[in-house]
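Coordinates in review
Letter by letter, the chains look like this.
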There are 2 protein chains.
Amino acid sequence: MRGRGPWWQDRLQGMGARITAPRELIIEILHETDDHVSAADVYVRAHQINPSIGLTTVYRTLDMLTQLGIVQKFDFGDGKARYELVNNPNGKKHHHHLICLRCKTIMDYTEFLDEELEFVSKTQGKLSKKYNFTITDHAISFYGLCERCR
Amino acid sequence: MRGRGPWWQDRLQGMGARITAPRELIIEILHETDDHVSAADVYVRAHQINPSIGLTTVYRTLDMLTQLGIVQKFDFGDGKARYELVNNPNGKKHHHHLICLRCKTIMDYTEFLDEELEFVSKTQGKLSKKYNFTITDHAISFYGLCERCR
DNA sequence: TTGATAATGAAAATCATTTTCATTAACTGA
DNA sequence: TCAGTTAATGAAAATGATTTTCATTATCAA
Ligand SMILES: [Mn+2]
Ligand SMILES: [Mn+2]
Ligand SMILES: [Zn+2]
Ligand SMILES: [Zn+2]
């Protein structure tokens, strides 16, 4: 399942990227949270541990991880992007979202994932063949009004 | 299906909002396009027809329509929000997205919507009961690499 | 027609994200 | 192990989308 180092190192090296302290730290931080963190959130935590890390690097790293499919980037409508490790071994499992259009509250749900899995993999297969697209992830969100807002 | 005025007027009045020229024009513009338009896109077209309309009002109107569930707001990762009329009678039907993580290309797809519809309405029913949430819309997106980028 | 007030638009402010560029550090290969 | 190549970094400045402010205008109920 892995080489010498942690799983993600192979992914980076595979694309010619270097293993650096900032990258290590940022991934570690993502492992330790199960929130939907913003770049600034990650920066604060990283900076706390290693004050030499800059916000720019956090953005660059999150972006790289997103392109690699290691991290999933979300926009929940509050003006800043949110990030989550896709398959967080320490944290939460794959899930989907319920988003209130008024107060922007986000709820994770993991119910009914079996049915979803079936649906998703079926669709994914057909789409990737038809559009010649390599699908690595998906997102399903339901929008509406939460209990408090309706 | 409607009162005196167009369908959307009832929706606005229902929440105590006024029917104004800018709002009329913005909705008309949304009807006429089947792109994923940004606020600036809408502004340019609106301004062309009625130069007194301001960008601020475009933002405010799109936001209001989004909260009403008349418009759906997307973030495809290129830094600006995109909007689409949810059930555009003149334009495209409900669809989902295939998004390239590298080049940010977006493809709409409408295949397999029957299966999706079945899945979605089943899940939606269970979720809205369990979380006491009024669900008005949903989005399904698949992420990966397009033909050119992989 | 009028008054109360929601809506508007111009300009300024915000603030998340990106760019620039000089410096540092990770790997390669001798 | 060491030096050279060059990707990666961070500080500061720039960008650019969206929001706020506030004086003015327009909608609509009475
Ligand atoms: Mn989540
Ligand atoms: Mn679309
Ligand atoms: Zn809410
Ligand atoms: Zn692509």
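Report follows, based on the coordinates. Starting afresh in each chain, residues are numbered from 1 along the sequence in its written order. Whichever chain is written first becomes A and whichever ligand is written first becomes 1, with later ones labelled in order. With the structure being a predicted model, the display of local features is reserved for residues of pLDDT at least 70 and the display and counting of side-chain atom pairs for 80 or more, all residues being used for whole-chain, interface and lining totals. Neither water nor hydrogens contribute to the side-chain values; these are computed over all heavy atoms in the structure.

Now for the coordination of the manganese ion (ligand 1). Residues and elements named next belong to chain A. Any nitrogen, oxygen or sulfur atom within 2.8 Å of a metal ion counts as a donor, with the limit raised to 3.2 Å for Na, K and Ca, and since water is left out, coordination shells can look unfinished. Around the manganese ion (ligand 1), the protein contributes the donor atoms H36 (NE2), E84 (OE), H95 (NE2), H97 (NE2) and D108 (OD), which lie 2.0 to 2.7 Å from the metal centre. Linear spacing of the donor residues for the manganese ion (ligand 1) on their chain is H-x47-E-x10-H-x1-H-x10-D. In this pair, H36 sits in the loop between α2 (21-32) and β1 (37-38) while D108 sits in strand β5 (residues 106-109), placing the two residues 72 residues apart along the sequence. Each residue is placed in one exposure class: buried if its accessible area under a 1.4 Å probe, protein chains only, is under 20% of its type's maximum, exposed if it is over 50%, and partly exposed if it falls in between. H36 sits in the buried class, given a relative accessible area of 17%. Secondary structure elements follow DSSP: runs of H or I of four or more residues count as helices, runs of E of two or more count as strands, with numbering from the N terminus.

For the pair of chain copies, the relating operation is a rotation around an axis with a shift along it. The superposition of copies rests on a least-squares fit of C-alpha positions from residues with pLDDT of 70 or more in both. The two copies are related by a screw operation: chain A maps onto chain B through 180 degrees of rotation and 0.0 Å of translation along the axis, at an RMSD of 0.1 Å. Here the transformation between the copies is reduced to the relation of a two-fold axis. Closest to the rotation axis within chain A is the C-alpha of I140 of chain A, separated from it by 2.3 Å. Contact criterion: two residues are considered in contact whenever any of their non-hydrogen atoms come within 4.5 Å of each other. Residue by residue, 98% of the interface of chain A is reproduced at the interface of chain B, so both copies engage with the same surface.

Our next topic: the pattern of salt bridges. Should a side-chain nitrogen of Lys or Arg be within 4 Å of a carboxyl oxygen of Asp or Glu, the pair is scored as a salt bridge. Summed over the entire model, instances satisfying the criterion amount to ten salt bridges over all chains. Here K126 of chain B and E115 of chain A are joined by a salt bridge, their closest N and O atoms 2.3 Å apart. Of this pair, K126 of chain B sits in helix α5 (residues 113-131) while E115 of chain A sits in helix α5 (residues 113-131), which puts the two residues in different chains. Given a relative accessible area of 28%, K126 of chain B falls into the partly exposed group. Classification of E115 of chain A as partly exposed rests on a relative accessible area of 24%.

Now for the coordination of the manganese ion (ligand 2). Residue and element names in this part refer to chain B. Protein coordination at the manganese ion (ligand 2) comes from H36 (NE2), E84 (OE), H95 (NE2), H97 (NE2) and D108 (OD), with a distance range of 2.1 to 2.7 Å. Donor residues binding the manganese ion (ligand 2) come from one chain and are separated in sequence as H-x47-E-x10-H-x1-H-x10-D. Of this pair, H36 sits in the loop between α2 (21-32) and β1 (37-38) while H95 sits in the loop between β3 (81-85) and β4 (96-100), and the two are 59 residues apart along the sequence. On the basis of relative accessibility, which here comes to 8%, the residue H95 falls in the buried class.

Only strands that DSSP links by at least two bridges are regarded as paired with each other. Ordered by their spatial adjacency, six strands build an open sheet running β5(A)-β4(A)-β6(A)-β6(B)-β4(B)-β5(B), and the pairing between neighbours is mixed. With partners counted over all chains shown, the strands left at the sheet margins are β5 of chain A together with β5 (106-109) of chain B, one partner each. Going from strand to strand, the sheet's axes swing by 25 degrees on average, the running direction of each strand aside. With four bridges joining them, β4 of chain B and β5 of chain B adopt antiparallel strand pairing. Along β5 of chain B, the bridge assignment pairs I99 of chain B with I106 of chain B. Where α5 of chain A meets the sheet, it contacts β4 (96-100), β5 and β6 (134-145) of chain A together with β4, β5 and β6 (134-145) of chain B, and its direction lies at approximately 130 degrees from that of β6 of chain A. Each axis is a line fitted through C-alpha atoms, taken for helices only over the stretch in contact, and angles between the N-to-C directions span 0 to 180 degrees.

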